[in-house]
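# Commentary on secondary and tertiary structure
Take a look at the letters that make up each chain.
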Amino acid sequence: MAKLSQEDLLAQFEEMTLIELSEFVKAFEEKFDVTAAAAVAVAGPAGPGAPVEAEAEQDEFDVILTGAGEKKIQVIKVVRELTSLGLKEAKDLVDGTPKPVLEKVAKDAAEKAAEALKGAGASVEVK
């Protein structure tokens, strides 16, 4: 088997949906018995005047479809593009609103998905 370059691998990942990429990461973690956790910097003990960090900024968001609107077919098409669901599964998701379309995605991906769904006429909530 030919060894793929880093650029080839990145090109393949660009073509994947978020769900496909998530499944790949899970399979990779299982195969090599590792976790894809971000590196955490270790800080020394806080001094008496050090400010206390209030709350960590949210980095995972859920995109929830709250209504299909008048253009239900367009919304189903967008749901299929975002999730790689089949036609029946996407239709069932749209019919059963409110339902999450994407869960635990990055802020920019959640915003793009919400804009795409709103552009198709759907009501969307990002939590």
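Anything mentioned here points back to the structure above.
These notes cover the structure that comes with them. (Residues numbered from 1 in each chain as written. Predicted model: local features only at pLDDT ≥ 70, side-chain atom pairs only at ≥ 80, totals over all residues. Heavy atoms only, no water.)

### Concerning the overall build of the chain
What counts is decided by this rule: Where helices and strands are cited, they refer to DSSP runs of H or I of at least four residues and of E of at least two residues respectively, numbered from the N terminus. Think of it in three bands: with a 1.4 Å probe and only protein chains considered, a residue is buried below 20% of the maximum accessible area for its type, exposed above 50%, and partly exposed in between. Residue contacts follow a heavy-atom distance rule, with two residues in contact if any of their heavy atoms lie within 4.5 Å. Only the protein chains shown count as cover for residues, and the accessible areas themselves come from Shrake-Rupley with a 1.4 Å probe.
Check the secondary structure of the chain and you find five helices and three strands. Scanning the chain from its N terminus toward the C terminus, one meets helices and strands in the order α-α-β-α-α-β-α-β. Split into buried and exposed, the 127 residues of the chain put 21% on the buried side. For the chain, the share of sequence-separated contacts (at least 6 apart) that also reach a separation of at least 24 residues comes to 68%. Summed over all atoms, the accessible surface of the chain reaches about 9900 Å², with 55% contributed by carbon and sulfur.

### Focus: the side chain of threonine 83
The condition is simple: Here a polar contact is recorded for every N or O atom pair within 3.5 Å, except that within protein the pair must consist of a potential hydrogen donor and a potential acceptor, and residues adjacent in sequence are included only if both atoms are side-chain atoms.
Looking at the element boundaries, threonine 83 is found in helix α3 (residues 72-83). In this structure the side chain of threonine 83 is engaged in a polar contact, spanning 2.7 Å, whose partner is the backbone oxygen of valine 79. Ignoring any residue separated from it by four or fewer positions in sequence, one finds threonine 83 in contact with Ile19, Val101 and Leu102.

### Details of the packing of α3 against helix α5 (residues 107-119)
Quick note on the threshold: Geometry is summarised by axes, namely lines fitted to C-alpha atoms with helices restricted to the contacting stretch, and by angles between N-to-C directions that run from 0 to 180 degrees. Small angles under 35 degrees read as roughly parallel and large ones over 145 as roughly antiparallel, with 65 to 115 read as roughly perpendicular and the rest as oblique. In this scheme, a crossing is called left-handed if the near helix is turned counterclockwise away from the far one by less than a right angle; it is called right-handed if the turn is clockwise. Amino acids outside the nonpolar list (Ala, Val, Leu, Ile, Met, Phe, Trp, Tyr, Cys, Pro) and the charged list (Asp, Glu, Lys, Arg) are all regarded as polar, and Gly is one of them.
Closest axis-to-axis distance for the α3/α5 pair is 8 Å, and the angle between their directions is 160 degrees. The angle between α3 and α5 places the two elements in the roughly antiparallel class. Considering the relative orientation of α3 and α5, their crossing is right-handed. Contact residues: Val75, Val78, Val79 and Leu82 in α3; Ala113, Ala116 and Leu117 in α5. Its residues placed into classes, the contact of α3 with α5 shows seven nonpolar, no polar and no charged.

### Considering the pattern of salt bridges
In plain terms, the rule: Put simply, a salt bridge is a Lys or Arg side-chain nitrogen that is within 4 Å of an Asp or Glu carboxyl oxygen.
Under the criterion given, the structure shown has four salt bridges. Aspartate 92 is the partner of lysine 88 in a salt bridge, and the nearest nitrogen-oxygen pair spans 3.0 Å. Of this pair, lysine 88 and aspartate 92 are both found in helix α4 (residues 87-95), four residues apart, which corresponds to roughly one turn of the helix. On the basis of relative accessibility, which here comes to 56%, the residue lysine 88 falls in the exposed class. Residue aspartate 95 is joined to lysine 91 by a salt bridge in which the shortest nitrogen-to-oxygen separation is 2.7 Å. Taken as a pair, aspartate 95 and lysine 91 lie in helix α4 at a separation of four residues, close to a single helical turn.

It is worth stressing that arrangement in space is one thing and function is another; only the former is reported here.
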